[in-house]
Each structure stands twice: as structure tokens, then as C-alpha cells.
Amino acid sequence: MAVTGTPLTARAVMQDAPVIPVIVLHEVQHAVPMARALVAGGIRMLEVTLRTPQALACIEAIAREVPEAVVGAGTVRSSNDAAAAARAGARFAVSPGYTTALGSACREAGLPLLPGVATASEIMAAQAEGFDALKFFPALQSGGSAMLKAWQGPFGDVLFCPTGGIQPANAAEFLALANVACVGGSWLVPGDALAQGDWERITALARAASQLARG
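Now for a description of the structure that goes with this document.

Procedures and definitions
Residue numbers here run from 1 along each chain, matching the order of that chain's written sequence. Reporting of local features is limited, given that this is a predicted model, to residues whose pLDDT is at least 70; pairs of side-chain atoms are given and counted only at 80 or more, and all residues count toward the totals for whole chains, interfaces and linings. Side-chain figures throughout are based on the complete set of non-hydrogen atoms in the structure, without hydrogens or water. Secondary structure elements follow DSSP: runs of H or I of four or more residues count as helices, runs of E of two or more count as strands, with numbering from the N terminus. The quantity called the radius of gyration is restricted to C-alpha atoms. Its globule counterpart is 2.2 Å times the number of residues to the power 0.38. Exposure is judged per residue with a 1.4 Å probe applied to protein chains only, and the accessible area is read against the type maximum: over 50% gives exposed, under 20% gives buried, and values in between give partly exposed. By the convention used here, residues are in contact when the closest approach between their heavy atoms is within 4.5 Å. Computed with the Shrake-Rupley method and a 1.4 Å probe, the accessible areas treat only the protein chains shown as cover for residues. The charge count treats Lys and Arg as positive and Asp and Glu as negative. His and the chain ends do not count. All charge positions are set by atom: Lys at NZ, Arg at CZ, Asp at CG, Glu at CD. By the convention used here, strands pair only if DSSP detects at least 2 bridges between them. As used in this structure description, the phrase polar contact means that two N or O atoms lie within 3.5 Å; if the pair is within protein, one of them must be able to donate a hydrogen and the other to accept it, and residues adjacent in sequence are counted only when both atoms belong to side chains.

**A word on the overall build of the protein chain**
- Helices and strands together make up the secondary structure of the protein chain, namely 10 helices and 9 strands.
- Here the protein chain has a C-alpha radius of gyration of 16 Å; the compact-globule value for 215 residues is 17 Å, and the two agree.
- For the C-alpha atoms alone, the extent of the protein chain along its principal axes is close to 45 × 40 × 30 Å.
- Going through the 215 residues of the protein chain one by one, you find that 52% of them count as buried.
- For the protein chain, restricting intrachain contacts to residue pairs at least 6 apart in sequence, the fraction spanning at least 24 positions comes to 61%.
- Accessible surface, the protein chain: about 9000 Å² in total, of which carbon and sulfur atoms supply 53%.
- Put simply, the protein chain has 14 plus and 16 minus side-chain charges, and the middle of one group is 2 Å from the middle of the other.

**Digging into the sheet that holds strand S6 (residues 116–117)**
- Within the open sheet, the 3 strands sit side by side as S6-S7-S8. Their pairing is parallel. Whereas interior strands pair on both sides, the edge strands pair on one side only; in this sheet they are S6 and strand S8 (159–162).
- Relative to strand S7 (residues 133–136), S6 is paired through 2 bridges, and the arrangement is parallel. Within the sheet, the bridge partner assigned to Gly-116 lies in S7 and is Lys-135.

**Some remarks on the environment of Tyr-98**
- Note on placement: Tyr-98 falls in the loop between strand S4 (93–94) and helix H5 (100–109).
- Taking the relative accessible area as the measure of exposure, Tyr-98 reaches 19% and is therefore buried.
- Residues Tyr-98 and His-30, 68 residues apart in the sequence, show an inter-C-alpha distance of 30 Å.
- Filtering out sequence-adjacent residues up to four positions away, Tyr-98 remains in contact with Gly-103, Leu-113, Pro-115, Gly-116, Ala-126, Glu-129 and Phe-131.
- Within the local environment of Tyr-98, its side chain forms a polar contact with the side chain of Glu-129, the two groups lying 2.4 Å apart.

**Section: the environment of Leu-113**
- The topology assignment puts Leu-113 in strand S5 (residues 113–114).
- For Leu-113, a relative accessible area of 3% corresponds to the buried category.
- Between the C-alpha atom of Leu-113 and that of Phe-155, which follows or precedes it by 42 residues, the distance is 19 Å.
- The residues touching Leu-113, leaving out its near neighbours within four places in the chain, are Ala-10, Ala-93, Val-94, Ser-95, Tyr-98, Leu-102, Gly-103, Cys-106, Phe-131 and Ala-133.

This is the structure we're talking about:
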């Protein structure tokens, strides 16, 4: 599915593949080969978290060198984070929570935002400001698939990306739900695979993830 030529939306980010990889990078030189490995496996929406000093440089390298990827910034918590991510070339943002200031900053920066929610009140607050594609975080600790099932009634117009504790063993349980577009997971980019430059392993993990069934 092409995303170039039309404005990218949060729903398009979530519906592109069954899994959005949650990526923590400590070495800039890993960014480009890792991104190419994920794209080769069918995963191109890449969430590089702003948890390390190297994250913005990694986003910039992927945006410049891997045009087939759609790189986004994760752990975006402030207006400054949003502006910095956009300058680095990020095309979407993912946040562990939501504030009005963050929503405004992402709009100003042209970044589709997947805001994090964990309660019904947080869903309503995000919806009131125009967000209906949301990250459910931390998913397992906040009620897991049972919570998402409970939300299908009152929030049938909302799509979720559960993140936090999702692994291959339980991903299918979440993806079977009608209100789940995708899941977020860190298992696609293991730290040891990065350290060893095992790009074939990352491609294999991405390929398996891209073939997960959705409800």
C-alpha cells in the first residue's frame, strides 16, 4: 500500500501491517541496515523510540537512506519532542499518553499522532480533540484483550494499537479483535541481533510478523 502522494494518517500507519516494531537504537550505524531488514520482511512503519541520545540521528539516517520505510518517532512526550522528530524526518509520532499541548504540537509539525490511552476517560479526552486511532498502553498491565473487548461497545468507532507486553505468543489474541488494527512490539528488533548485525534474523522476524492474521 503506497502512502506517498497522499497525507499520511494515524489509521494508515496502524493498518499498514499487523505489527509496528518498537525500536530502541543505541548505535547510529545500526539504523539503516536494520530498517532495510525490516522492509525486506514486509514491515515498513518503523517506530524509533526517543529513549536514547542517538534516536534522532537514527531517524534522520533512516529517512534519508531508506525511502521505502516510513519512519516515526516513539516515546514522544512533549512539544519539543514532536518538533525535533519532525526536523529529523519522522513521518508520524507515537506517545505513551496524551496532552492537548502534544496533540497541537504534532498537528503543527504535520505528524500524525498515535496517542497512548489506558482508561475510558483518556479515550474520550483524545476523541474530543479529534483522535480515534489510539495506542493502548501498557496493554497487558491495563487489562489486555479483555479490556479491549469491553471497549468495543462504547468505543466502537475507535481503532487501537495495543503495546506493552505483546509477544508472538499473544499477538494473535489481540489481532483477532475487531477494534485492533495492529500491535506494537519490540520482539522484531532484538538487542542481540542488533549487536551482532544479524539482519537476516530481523528480516525473518519481520516476515513472520507481517503474515499474522488480523480480525
